[in-house]
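Listed below are the residues making up each chain.
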Amino acid sequence: MVFRGTISDAPDFDPSVDAETLYNAMKGIGSDKETILDLITSRSNAQRQEVISAYKCSFGQDLIEDLKYELTGKFERLIVCLMRTPPYHDAKEIHDAVKGAGTNERCLIEVLVSRNNKQMQDMVAAYKDAYGRDIEEDVIADTSGHFKKMLVVLLQGTRDESGVVDADLVQQDAQDLYAAGEEKWGTDEATFIMILGNRSVTHLRMVFDEYEKIAEMSIEDSIKNELSGDFERLMLAVVQCIRSVPMFFAKCLYKSMKGLGTADNTLIRIMISRSEIDMLDIRECFRLRYEKSLYNMIKDDTSGDYKKTLLNLCGGDDDLAGEFFPEAAQIAYKMWELSAMTKVQMRPTVRPAPDFDPAADAQALRKAMKGFGTDEDAIIDIVAQRSNAQRQEIRQAFKSLLGRDLMKDLKSELSKNLERLIIGLMLTPAEFDAKMMKKAMEGAGTDEHALIEILVTRKNEEIQAMNAAYREGYKKSLEDAIHSDTSGHFCRILVSLVQGAREEGPADVERACADAQELADACNAESDEMEMKFMSILCTRSFPHLRRVFQEFVKCTNKDIEQIIKKEMSGDVKNAFYAIVRSVKNQPSYFADRLYKAMKVLVTHTESLSCQCVTVFFCFLFFFSIKSYFSAWKIICKWVR
């Protein structure tokens, strides 16, 4: 097993010298906390155990008790936890999770799903030694149902670790999981427990791939559909660890620090338990997923000596140079490889309605708007449950049958955000994009983010249709409008994209290597030359080709293309190139991020939200009437159910 920790054995280690250094740091009035944290975080756990023994031999005192006496708060808790062996640290975490009135289910899940067989067996023995009790009995006494059963299975520490895969068994397990859940009414939880609790990691990864072919959905989606509560969270955590233990911990660390307050127990537990195992990989997964280094998130979320100790365990700031550690660079390389291999299946929430009758829908809409008041529910039910092509038929039928313009009637009857949303839905995609581009450039300011989002994510034929719709609607070419409203390299990037002439087709491996080298060479050039070279490749190559280019970029530079863009560029140029990279990597993820950013501020950016093919809607009640708010919300509920 290759270890990718940030803490390793210190060279020229002398436990007696370390023991004396710690003794001197704590004697007299006050204590030298800097010396304590620097020494302890620069020794491996095995070396710390030798220091504990040397301390008792030299001074006749218990080092851990002295540390508890001299230190306080979270810093004391962190340092004391570092002095325990991994099995005894895990045992204490489980004991604390089940003792007292409540149960810390999240701690139980995190520890038990992530330990290998030997770690699990060592923890069970340490628990017995430390507390004179059986860990399994304590877990059983404090949990219930299928959640309890799965925890007991994991506690056995008997998962198959042979690495041998039986192709027939893979197929059978995938079929059994499907039959236990999606294929039947109700769920056979025992089958999920047996397979996910015992099969090897390699085997289960293949089972998950096979399952997706059979069920046409991921195993995670099925678990969310079939299970609930703590049992659902436990099984999802098992799947996450099967797929990638470092990514599982990256997510746990992010959740421990996001929002108000910090889950310090979780933060301490993970930073200690993984510091000698895979912290480098966790850091890379963290940066790749959250676009921020773990180091900086800890730095922003903690303080004092507690922060300094955690940062020492973290080991370095990955945002500093955009460069990967040699061991962890392969993670990024493989993630780009996975991105290149994965075919994103578009799964829309709005599809053509069966038994569609445009004339009947036109009559129903007219009825909803006729007379005093408007039946907004009826309008929402029709518009939100028809495909865009069907809505165009309704527009035509409305004019043919009633001699009225549906769009004008809707504008007259609706108001504010609901009106904006419904009108946006009734436009063709090309008309909608053209309108959003116009809005992004009209008036005093420019919405550069909207310009970037639309031009980066649309296919060639969509951009060409948008160009035609813009010229027809506004009697001016979109390219001329961009020239009038933007400038410099940013303008050139947009003009390049608005041509709708991006190459199409698969990656050319030889050319991708050459492109990656050109990008790498450009990183050492002047800013203008660098931006022009990036534009010539990022704005013209096909997405499959660019995935390979970015993969080869990691290989030949040991650097991350996203971080290079963030570090070396600025302003709208940086935002445009960064959006291209994110969209190339995973377009649904890019849109999810845009939606999140549109809604996370105090006032929702409803224009931006609409522009991003709205699937979620949020706004505070004081922004418009309660009636309008709930009407718009009903549309969103129909789409995200």
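Residues numbered from 1 in each chain as written. Predicted model: local features only at pLDDT ≥ 70, side-chain atom pairs only at ≥ 80, totals over all residues. Heavy atoms only, no water.

Labelled according to an unreviewed UniProt entry, the protein appears under the name Annexin, originating from Poecilia latipinna. Recorded in UniProt under Sequence similarities (unreviewed entry), the annotation for the protein is "Belongs to the annexin family." (UniProt positions renumbered as here; feature names shortened; annotations may be inferred.)

Engineer: How would you explain the side chain of Asp264 if you had to name every residue and give the values?
Structural biologist: Summarising the element assignment, Asp264 is placed in helix 17 (residues 264–274). Given a relative accessible area of 15%, Asp264 falls into the buried group. The contacts of Asp264, once residues within four sequence positions are left out, are Lys74, Arg77 and Tyr306. (Helix = DSSP H or I, 4+ residues; strand = E, 2+ residues; numbered from the N terminus. Buried < 20%, exposed > 50% of the residue type's maximum accessible area, 1.4 Å probe, protein only. Contact = heavy atoms within 4.5 Å.)

Engineer: Describe the pattern of salt bridges, with residues and values.
Structural biologist: For the structure shown, the criterion picks out 35 salt bridges. Across the pair Asp138 and Arg133 runs a salt bridge, and its minimum N-O distance is 2.6 Å. Residue classification places Arg133 among the partly exposed residues on the basis of a relative accessible area of 45%. Glu562 is the partner of Lys585 in a salt bridge, and the nearest nitrogen-oxygen pair spans 2.4 Å. Pair noted here: Lys585 is in helix 36 (residues 571–585) and Glu562 is in helix 35 (residues 561–568), with a separation of 23 residues, a long-range link. (Salt bridge = Lys/Arg side-chain N within 4 Å of Asp/Glu carboxyl O.)

Engineer: Break down the packing of aromatic side chains for me, citing the residues and quoting the values.
Structural biologist: Two measures describe an aromatic ring pair: the distance that separates the ring centres and the angle between the ring planes. With the rule as written, the count across this model stands at twelve aromatic pairs. Ring geometry for Phe286 against Tyr290: centres 5.1 Å apart, planes inclined by 55°, an arrangement best described as tilted. Taken together, the residues Phe286 and Tyr290, both in helix 18 (residues 279–290) and four residues apart, mark about one turn of the helix. By relative accessible area, Phe286 is classed as buried at 0%. Taking the centre distance of 4.9 Å and the plane angle of 55° together, the rings of Tyr470 and Tyr474 count as tilted. In this pair, Tyr470 and Tyr474 are both assigned in helix 29 (residues 460–474), four residues apart and thus about one turn of the helix distant. (Phe/Tyr/Trp six-rings, centres within 6.5 Å; stacked < 30°, edge-to-face > 60°.)

Engineer: Before we move on, could you go through the environment of Val51 and cite the residues and values that matter?
Structural biologist: Counting through the fold element by element, Val51 comes out in helix 3 (residues 45–59). According to the relative accessible area criterion, Val51 is buried, its value standing at 2%. Beyond its immediate stretch of four places on either side in the chain, Val51 contacts Phe13, Pro15, Asp18, Ala19, Leu22 and Leu63.

Engineer: Any details on helix 19 (residues 294–301)? Residues and values, ideally.
Structural biologist: For helix 19, the full list of buried residues reads Leu294, Asn296, Met297 and Ile298. Summarising the contacts, the buried residues of helix 19 are in contact with helix 16 (245–257), helix 17, helix 18 and helix 20 (304–314).

Engineer: An account of unusual backbone geometry is needed here, citing residue identities and associated values.
Structural biologist: One non-glycine residue, Glu216, lies in positive phi territory at about 60°. Mapped onto the elements of the fold, Glu216 is located in the loop between helix 13 (201–215) and helix 14 (219–226). Here Glu216 falls in the exposed class, since its relative accessible area comes to 61%. Here Lys475, not a glycine, exhibits a phi torsion of approximately 55°, which is positive. Within the secondary structure layout, Lys475 lies in the loop between helix 29 and helix 30 (478–485).

Engineer: Just give me the short version of a positive patch on the surface, but keep the residues and values in it.
Structural biologist: On the surface, Arg106, Lys255, Lys258 and Arg289 cluster together into a positively charged patch. Checked against the element boundaries, Lys255 lands in helix 16. Residue Lys255 is classed as exposed on the basis of its relative accessible area, which comes to 58%. (Patch = residues over 30% accessible without salt bridge, like charges linked within 9 Å, V, L, I, M, F, W, Y side chains within 5 Å. Areas by Shrake-Rupley, 256 points an atom, 1.4 Å probe, with all protein chains shown as cover. Lys, Arg positive; Asp, Glu negative; His and termini not counted. Charge placed at Lys NZ, Arg CZ, Asp CG, Glu CD.)

Engineer: Break down the packing of helix 27 (residues 429–441) against helix 29 for me, with residues and values.
Structural biologist: Packing of helix 27 against helix 29 leaves a shortest axis separation of 8 Å and a crossing angle of 65°. Considering the angle they form, helix 27 stands roughly perpendicular to helix 29. Judged by the twist between their axes, the crossing of helix 27 over helix 29 is right-handed. Across the interface between the two elements, Ala430, Glu431, Asp433, Ala434, Lys435, Met437, Lys438 and Met441 from helix 27 touch Ala465, Met466, Ala469, Tyr470 and Tyr474 from helix 29. For the contact of helix 27 with helix 29, the class distribution of residues is nine nonpolar, no polar and four charged. (Axes fitted to C-alpha atoms, helices over the stretch in contact; angles between N-to-C directions. Parallel < 35°, antiparallel > 145°, perpendicular 65-115°, else oblique. Left-handed = near helix turned anticlockwise from the far one by under 90°. Nonpolar A, V, L, I, M, F, W, Y, C, P; charged D, E, K, R; others polar.)

Engineer: Report on the packing of helix 3 against helix 4 (residues 63–70), specifying residues and quantitative values.
Structural biologist: Contact geometry of helix 3 with helix 4 gives a least axis separation of 9 Å together with a crossing angle of 90°. Relative to helix 4, the element helix 3 is oriented roughly perpendicular. Between helix 3 and helix 4, the residues in contact are Val51, Ile52 and Tyr55 and Leu63, Ile64 and Asp66, respectively. Tallied by class, the residues present in the contact of helix 3 with helix 4 amount to five nonpolar, no polar and one charged.

Engineer: Kindly report on the state of the cysteines, identifying the contributing residues and their values.
Structural biologist: Counted according to the given criterion, the structure contains zero disulfides. With no disulfide of its own, Cys241 lies 7.5 Å from the sulfur of Cys252, the closest cysteine sulfur. (Disulfide = S-S within 2.5 Å.)

Engineer: Can you explain the confidence of the model for the protein? Please cite residues and give values.
Structural biologist: Per-residue confidence for the protein gives a mean pLDDT of 88, with 88% of residues at or over 70. Least confident of the elements in the protein is helix 39 (residues 626–640), whose mean pLDDT is 46; most confident is helix 8 (residues 117–131), at 97. When the criterion is pLDDT under 50, residues 602–606 qualifies, and its contacts beyond four places in sequence or with other chains add up to twelve contacts. Counted against residues more than four places away or in other chains, residues 612–630, with its pLDDT under 50, gives 39 contacts. (pLDDT = per-residue confidence, 0-100.)

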